[in-house]
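One letter stands for each residue in the lines below.
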Amino acid sequence: MRIEEQTRTRWVDRPTHVSRRPDLRLGGRGLLDRWGGVATDRLTVTHTVRTSTGEYTLVLNAPDWLGRRGVGEALRDAVAELRAVDLTYGPGRPQSLVSRLRRGEIGTESYAPLADLVNRCTAMRAATDGWFDAWAVPGGFDPGGLLGGWAVERAAARLRAAGVHDYAVVAGADLVVRGHAPHGGPWRVAVHHPDGEHAPLVLEMTAGAIGTSGVSGRRDHVVDPHTGEPARQMTAATVVGPDLTVADAYATALYAAGPAGLAWFADGSHYRPLFGHRH
(Lines give C-alpha, C1' and ligand atoms only; values in the text may rest on other atoms or scores of the structure.)
Protein backbone atom coordinates (compact mmCIF):
# COMPACT_ATOMS: atom_id res chain seq x y z
CA MET A 1 0.00 0.00 0.00
CA ARG A 2 1.56 3.29 -1.06
CA ILE A 3 1.00 6.27 1.21
CA GLU A 4 1.33 9.86 0.01
CA GLU A 5 3.10 12.42 2.15
CA GLN A 6 0.92 14.67 4.26
CA THR A 7 1.48 18.14 5.58
CA ARG A 8 3.57 18.07 8.76
CA THR A 9 4.02 14.29 8.54
CA ARG A 10 7.02 12.66 6.88
CA TRP A 11 7.63 8.97 6.40
CA VAL A 12 11.27 8.13 7.09
CA ASP A 13 13.06 5.64 4.85
CA ARG A 14 15.03 2.84 6.46
CA PRO A 15 18.60 4.09 5.74
CA THR A 16 17.83 7.53 7.19
CA HIS A 17 16.41 5.99 10.33
CA VAL A 18 19.47 3.91 11.18
CA SER A 19 21.24 6.78 12.95
CA ARG A 20 18.10 8.47 14.27
CA ARG A 21 16.28 6.62 17.04
CA PRO A 22 12.55 7.15 17.46
CA ASP A 23 11.26 9.20 20.37
CA LEU A 24 8.10 7.12 20.80
CA ARG A 25 7.23 3.52 19.97
CA LEU A 26 3.74 2.19 19.37
CA GLY A 27 3.30 -1.55 19.75
CA GLY A 28 6.99 -2.23 20.46
CA ARG A 29 8.80 -2.91 23.69
CA GLY A 30 8.90 0.25 25.71
CA LEU A 31 7.12 3.47 24.78
CA LEU A 32 9.85 6.07 25.25
CA ASP A 33 13.39 6.27 23.94
CA ARG A 34 16.11 8.47 25.39
CA TRP A 35 16.43 11.78 23.65
CA GLY A 36 19.77 12.88 22.25
CA GLY A 37 19.95 16.07 24.25
CA VAL A 38 17.35 18.55 25.49
CA ALA A 39 17.36 22.26 24.68
CA THR A 40 18.37 24.39 27.67
CA ASP A 41 15.39 26.71 27.25
CA ARG A 42 12.85 23.87 27.63
CA LEU A 43 11.31 21.98 30.52
CA THR A 44 10.58 18.32 29.78
CA VAL A 45 8.15 16.32 31.90
CA THR A 46 6.86 12.76 31.40
CA HIS A 47 3.88 11.43 33.33
CA THR A 48 1.77 8.26 33.10
CA VAL A 49 -1.77 7.96 34.44
CA ARG A 50 -4.07 4.93 34.49
CA THR A 51 -7.86 5.01 34.43
CA SER A 52 -10.48 2.30 34.01
CA THR A 53 -10.58 2.98 30.26
CA GLY A 54 -6.84 2.96 29.57
CA GLU A 55 -3.29 4.08 30.30
CA TYR A 56 -2.05 7.46 29.12
CA THR A 57 1.46 8.88 28.92
CA LEU A 58 2.01 12.62 28.53
CA VAL A 59 5.34 14.10 27.42
CA LEU A 60 5.50 17.88 27.77
CA ASN A 61 8.29 19.85 26.10
CA ALA A 62 7.38 23.21 27.58
CA PRO A 63 9.07 26.62 27.23
CA ASP A 64 11.30 27.61 30.12
CA TRP A 65 9.38 30.86 30.67
CA LEU A 66 6.31 28.86 31.73
CA GLY A 67 8.22 27.74 34.83
CA ARG A 68 7.96 24.53 36.80
CA ARG A 69 4.80 25.69 38.50
CA GLY A 70 3.11 26.51 35.20
CA VAL A 71 4.16 23.20 33.65
CA GLY A 72 2.94 21.33 36.72
CA GLU A 73 -0.44 23.07 36.56
CA ALA A 74 -0.76 22.28 32.85
CA LEU A 75 0.03 18.63 33.51
CA ARG A 76 -2.43 18.40 36.41
CA ASP A 77 -5.16 20.01 34.29
CA ALA A 78 -4.63 17.55 31.43
CA VAL A 79 -4.56 14.55 33.78
CA ALA A 80 -7.72 15.81 35.51
CA GLU A 81 -9.45 15.91 32.11
CA LEU A 82 -8.45 12.30 31.37
CA ARG A 83 -9.79 11.18 34.75
CA ALA A 84 -12.97 13.22 34.29
CA VAL A 85 -13.70 11.58 30.93
CA ASP A 86 -13.24 8.16 32.51
CA LEU A 87 -15.52 8.94 35.45
CA THR A 88 -18.16 10.80 33.47
CA TYR A 89 -18.36 8.79 30.24
CA GLY A 90 -16.77 5.38 30.92
CA PRO A 91 -19.27 2.78 29.62
CA GLY A 92 -18.20 0.36 32.36
CA ARG A 93 -19.30 2.75 35.13
CA PRO A 94 -22.98 2.26 36.10
CA GLN A 95 -23.53 5.94 36.89
CA SER A 96 -21.65 7.42 33.95
CA LEU A 97 -23.56 9.54 31.47
CA VAL A 98 -23.12 6.83 28.83
CA SER A 99 -24.66 4.20 31.14
CA ARG A 100 -27.51 6.53 32.07
CA LEU A 101 -28.12 7.25 28.39
CA ARG A 102 -28.32 3.52 27.72
CA ARG A 103 -30.95 3.13 30.42
CA GLY A 104 -32.99 6.03 29.04
CA GLU A 105 -32.53 8.16 32.18
CA ILE A 106 -31.15 11.12 30.23
CA GLY A 107 -31.22 12.34 26.65
CA THR A 108 -28.31 13.11 24.37
CA GLU A 109 -29.05 16.81 24.63
CA SER A 110 -28.69 16.81 28.43
CA TYR A 111 -24.94 17.57 28.32
CA ALA A 112 -23.05 19.24 25.48
CA PRO A 113 -19.96 16.97 25.67
CA LEU A 114 -22.22 13.88 25.66
CA ALA A 115 -23.96 15.21 22.56
CA ASP A 116 -20.56 15.74 20.92
CA LEU A 117 -19.52 12.17 21.77
CA VAL A 118 -22.73 10.71 20.33
CA ASN A 119 -22.47 12.91 17.23
CA ARG A 120 -18.88 11.72 16.67
CA CYS A 121 -20.05 8.12 16.81
CA THR A 122 -22.90 8.86 14.41
CA ALA A 123 -20.54 10.57 11.96
CA MET A 124 -18.04 7.69 12.04
CA ARG A 125 -20.79 5.13 11.50
CA ALA A 126 -21.69 7.00 8.30
CA ALA A 127 -18.05 7.51 7.24
CA THR A 128 -17.25 3.79 7.55
CA ASP A 129 -20.42 2.38 5.98
CA GLY A 130 -21.50 1.03 9.35
CA TRP A 131 -18.25 -0.79 10.17
CA PHE A 132 -17.79 1.50 13.15
CA ASP A 133 -21.09 1.23 15.00
CA ALA A 134 -21.26 2.22 18.67
CA TRP A 135 -24.82 0.89 18.83
CA ALA A 136 -24.07 -2.61 17.48
CA VAL A 137 -22.62 -3.92 20.74
CA PRO A 138 -24.15 -5.87 23.64
CA GLY A 139 -25.86 -3.56 26.10
CA GLY A 140 -26.49 -0.72 23.67
CA PHE A 141 -24.52 2.45 22.95
CA ASP A 142 -20.80 2.04 23.66
CA PRO A 143 -18.40 4.73 22.37
CA GLY A 144 -15.33 2.76 23.50
CA GLY A 145 -13.95 2.57 19.97
CA LEU A 146 -13.18 6.29 19.99
CA LEU A 147 -13.51 7.29 23.64
CA GLY A 148 -9.76 7.07 24.30
CA GLY A 149 -8.98 9.30 21.32
CA TRP A 150 -11.68 11.75 22.37
CA ALA A 151 -10.21 11.90 25.88
CA VAL A 152 -6.69 12.49 24.53
CA GLU A 153 -7.85 15.34 22.29
CA ARG A 154 -9.62 17.01 25.21
CA ALA A 155 -6.51 16.66 27.39
CA ALA A 156 -4.34 18.05 24.58
CA ALA A 157 -6.63 21.07 24.32
CA ARG A 158 -6.03 21.71 28.03
CA LEU A 159 -2.26 21.66 27.45
CA ARG A 160 -2.51 24.21 24.63
CA ALA A 161 -4.76 26.44 26.73
CA ALA A 162 -2.07 26.41 29.45
CA GLY A 163 0.66 27.48 27.01
CA VAL A 164 2.19 24.08 26.19
CA HIS A 165 2.34 23.67 22.41
CA ASP A 166 5.03 20.97 22.15
CA TYR A 167 3.78 17.67 23.53
CA ALA A 168 2.88 14.05 22.94
CA VAL A 169 -0.10 12.31 24.54
CA VAL A 170 -0.16 8.54 24.12
CA ALA A 171 -3.05 6.19 24.85
CA GLY A 172 -1.97 2.57 24.50
CA ALA A 173 -0.82 2.31 20.88
CA ASP A 174 -2.50 5.57 19.80
CA LEU A 175 -1.11 9.09 20.09
CA VAL A 176 -1.37 12.79 19.38
CA VAL A 177 1.73 14.95 18.90
CA ARG A 178 2.27 18.62 18.35
CA GLY A 179 5.30 20.85 17.92
CA HIS A 180 8.75 19.44 18.62
CA ALA A 181 10.31 16.74 20.76
CA PRO A 182 12.80 17.55 23.56
CA HIS A 183 15.76 17.22 21.18
CA GLY A 184 14.34 20.11 19.14
CA GLY A 185 13.32 18.17 16.02
CA PRO A 186 10.00 16.65 14.94
CA TRP A 187 8.60 13.79 16.99
CA ARG A 188 9.92 10.51 15.58
CA VAL A 189 7.34 7.76 16.00
CA ALA A 190 7.95 4.07 15.27
CA VAL A 191 4.82 1.97 14.68
CA HIS A 192 5.60 -1.72 15.20
CA HIS A 193 3.73 -4.69 13.79
CA PRO A 194 2.61 -7.38 16.28
CA ASP A 195 4.22 -10.26 14.38
CA GLY A 196 7.70 -8.78 14.89
CA GLU A 197 8.68 -9.68 11.32
CA HIS A 198 7.84 -6.43 9.54
CA ALA A 199 10.16 -3.46 9.99
CA PRO A 200 8.56 -0.70 12.06
CA LEU A 201 7.06 2.17 10.14
CA VAL A 202 8.77 5.42 11.20
CA LEU A 203 7.19 8.86 10.91
CA GLU A 204 8.40 12.35 11.73
CA MET A 205 5.52 14.53 12.90
CA THR A 206 4.97 18.05 14.18
CA ALA A 207 1.17 17.81 14.27
CA GLY A 208 -1.27 14.96 13.94
CA ALA A 209 -2.54 11.70 15.37
CA ILE A 210 -2.02 7.98 14.86
CA GLY A 211 -4.84 5.57 15.60
CA THR A 212 -4.16 1.83 15.68
CA SER A 213 -5.97 -1.45 16.17
CA GLY A 214 -4.20 -4.74 16.78
CA VAL A 215 -0.71 -3.23 16.82
CA SER A 216 -0.17 -4.21 20.45
CA GLY A 217 -0.98 -7.84 19.65
CA ARG A 218 -4.41 -7.82 21.28
CA ARG A 219 -6.94 -10.13 19.61
CA ASP A 220 -10.75 -10.38 19.49
CA HIS A 221 -11.09 -6.82 20.80
CA VAL A 222 -13.07 -5.56 17.78
CA VAL A 223 -16.54 -6.89 17.01
CA ASP A 224 -17.86 -7.16 13.47
CA PRO A 225 -20.99 -4.99 13.78
CA HIS A 226 -22.74 -7.00 11.05
CA THR A 227 -22.31 -10.42 12.67
CA GLY A 228 -21.65 -9.70 16.33
CA GLU A 229 -18.59 -11.96 16.18
CA PRO A 230 -14.95 -10.93 16.77
CA ALA A 231 -13.39 -9.41 13.66
CA ARG A 232 -10.50 -11.53 12.39
CA GLN A 233 -9.81 -10.36 8.84
CA MET A 234 -6.72 -8.38 9.82
CA THR A 235 -3.93 -8.56 12.37
CA ALA A 236 -3.34 -4.80 12.56
CA ALA A 237 -4.59 -1.52 11.12
CA THR A 238 -3.14 1.98 11.49
CA VAL A 239 -4.54 5.33 10.39
CA VAL A 240 -2.93 8.78 10.51
CA GLY A 241 -4.73 12.13 10.44
CA PRO A 242 -5.29 15.42 12.27
CA ASP A 243 -7.67 14.22 15.04
CA LEU A 244 -7.23 11.08 17.16
CA THR A 245 -10.95 10.67 17.78
CA VAL A 246 -11.48 10.12 14.06
CA ALA A 247 -8.22 8.22 13.41
CA ASP A 248 -8.98 5.86 16.30
CA ALA A 249 -12.47 5.09 14.97
CA TYR A 250 -11.16 4.61 11.42
CA ALA A 251 -8.51 2.16 12.64
CA THR A 252 -11.12 0.16 14.56
CA ALA A 253 -13.42 0.05 11.54
CA LEU A 254 -10.61 -0.83 9.11
CA TYR A 255 -9.58 -3.71 11.37
CA ALA A 256 -13.14 -5.04 11.16
CA ALA A 257 -13.82 -4.36 7.47
CA GLY A 258 -10.52 -5.46 6.01
CA PRO A 259 -9.41 -4.31 2.54
CA ALA A 260 -12.92 -3.07 1.70
CA GLY A 261 -12.31 -0.24 4.16
CA LEU A 262 -9.61 1.31 1.98
CA ALA A 263 -12.37 2.92 -0.09
CA TRP A 264 -13.07 5.32 2.79
CA PHE A 265 -9.76 7.10 2.26
CA ALA A 266 -10.41 8.65 -1.13
CA ASP A 267 -8.52 11.61 -2.57
CA GLY A 268 -9.22 14.70 -0.51
CA SER A 269 -9.53 12.83 2.78
CA HIS A 270 -7.45 14.19 5.66
CA TYR A 271 -6.87 10.62 6.89
CA ARG A 272 -4.68 7.89 5.42
CA PRO A 273 -4.19 4.20 6.27
CA LEU A 274 -0.53 3.57 7.01
CA PHE A 275 -0.87 -0.19 6.84
CA GLY A 276 -3.39 -2.94 7.17
CA HIS A 277 -2.06 -6.47 7.44
CA ARG A 278 -4.33 -9.39 6.73
CA HIS A 279 -4.26 -12.78 8.44
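Rules behind the numbers
- Residues numbered from 1 in each chain as written.
- Predicted model: local features only at pLDDT ≥ 70, side-chain atom pairs only at ≥ 80, totals over all residues.
- Heavy atoms only, no water.
- Pairing = 2+ DSSP bridges.
- Helix = DSSP H or I, 4+ residues; strand = E, 2+ residues; numbered from the N terminus.
- Polar contact = N/O pair within 3.5 Å; in protein donor to acceptor, adjacent residues only side chain to side chain.
- Contact = heavy atoms within 4.5 Å.
- Expected span 1.5 Å × (residues − 1).
- Buried < 20%, exposed > 50% of the residue type's maximum accessible area, 1.4 Å probe, protein only.
- Phe/Tyr/Trp six-rings, centres within 6.5 Å; stacked < 30°, edge-to-face > 60°.
- Lys NZ or Arg CZ within 6 Å of the ring centre and 35° of its normal.
- Core = buried A, V, L, I, M, F, W, Y, C linked by side-chain atoms within 4.5 Å.

1. With respect to the pairing of strand β3 (residues 42-51)
Here comes step 1: With 10 bridges connecting them, β3 and strand β4 (residues 54-63) associate as antiparallel partners. Opposite Val 45, over in β4, you have Leu 60 as the bridge partner.
Here comes step 2: A loop of 2 residues connects β3 with β4, the two strands running antiparallel in sequence.

2. Focus: the side chain of Thr 128
Here comes step 1: By the secondary structure assignment, Thr 128 is in the loop between α4 (112-127) and α5 (144-161).
Here comes step 2: Of the polar contacts made by the side chain of Thr 128, one reaches the backbone nitrogen of Phe 132; its length is 2.9 Å.
Here comes step 3: Excluding residues within four positions of it along the chain, Thr 128 makes contact with Tyr 250, Ala 253 and Trp 264.

3. Comments concerning α5
Here comes step 1: Given a rise of 1.5 Å per residue, 18 residues ought to cover 26 Å, and the 26 Å separating the end C-alpha atoms of α5 matches this to within 8%.
Here comes step 2: Burial in α5 covers these residues: Leu 146, Leu 147, Gly 149, Trp 150, Ala 151, Val 152, Glu 153, Ala 155, Ala 156 and Leu 159.
Here comes step 3: Two residues or fewer after α5 comes Gly 163, characterised by a positive phi angle close to 100°.

4. Side note on the packing of aromatic side chains
The relative placement of two aromatic rings is captured by the distance of their centres and the angle of their planes.
Here comes step 1: Scanning all chains against the criterion turns up 6 aromatic pairs.
Here comes step 2: Between Tyr 250 and Trp 264, the aromatic rings sit 6.3 Å apart at their centres with planes inclined by 25°, giving stacked as the arrangement. Of this pair, Tyr 250 sits in helix α6 (residues 244-257) while Trp 264 sits in the loop between α6 and β11 (272-278), and the two are 14 residues apart along the sequence.
Here comes step 3: Chaining the aromatic ring pairs together yields one cluster made of Tyr 250, Trp 264, Phe 265 and Tyr 271.
Here comes step 4: Directly above the aromatic system of Trp 150 lies the positively charged group of Arg 154, at a separation of 4.8 Å from the ring centroid.

5. Remarks on the nonpolar core
Here comes step 1: By size, the foremost hydrophobic cluster in this structure holds 56 residues, and its most contacted members are Leu 58 and Tyr 89.
Here comes step 2: Take this core: its biggest share by element is 10 residues, from α6.
Here comes step 3: Residues contacting Leu 58, with those up to four places away along its chain left out, are Val 45, Thr 46, His 47, Val 49, Leu 75, Ala 78, Val 79, Leu 82, Ala 168 and Val 169.
Here comes step 4: Ala 168, Ala 173, Ala 181 and Leu 203 belong to the second largest nonpolar core, which has 17 residues in total.

6. Focus on the environment of Val 202
Here comes step 1: Summarising the element assignment, Val 202 is placed in strand β8 (residues 201-205).
Here comes step 2: In this structure the C-alpha to C-alpha distance between Val 202 and Arg 25, which are 177 residues apart in sequence, comes to 9.1 Å.

7. With respect to α4
Here comes step 1: Compared with the 22 Å implied by 1.5 Å per residue over 16 residues, the 22 Å span of α4 between its first and last C-alpha is a close match.
Here comes step 2: Those residues of α4 that sit buried are Leu 114, Ala 115, Leu 117, Val 118, Cys 121 and Met 124.
Here comes step 3: One or two steps after α4, the chain reaches Asp 129, where phi turns positive at roughly 55°.

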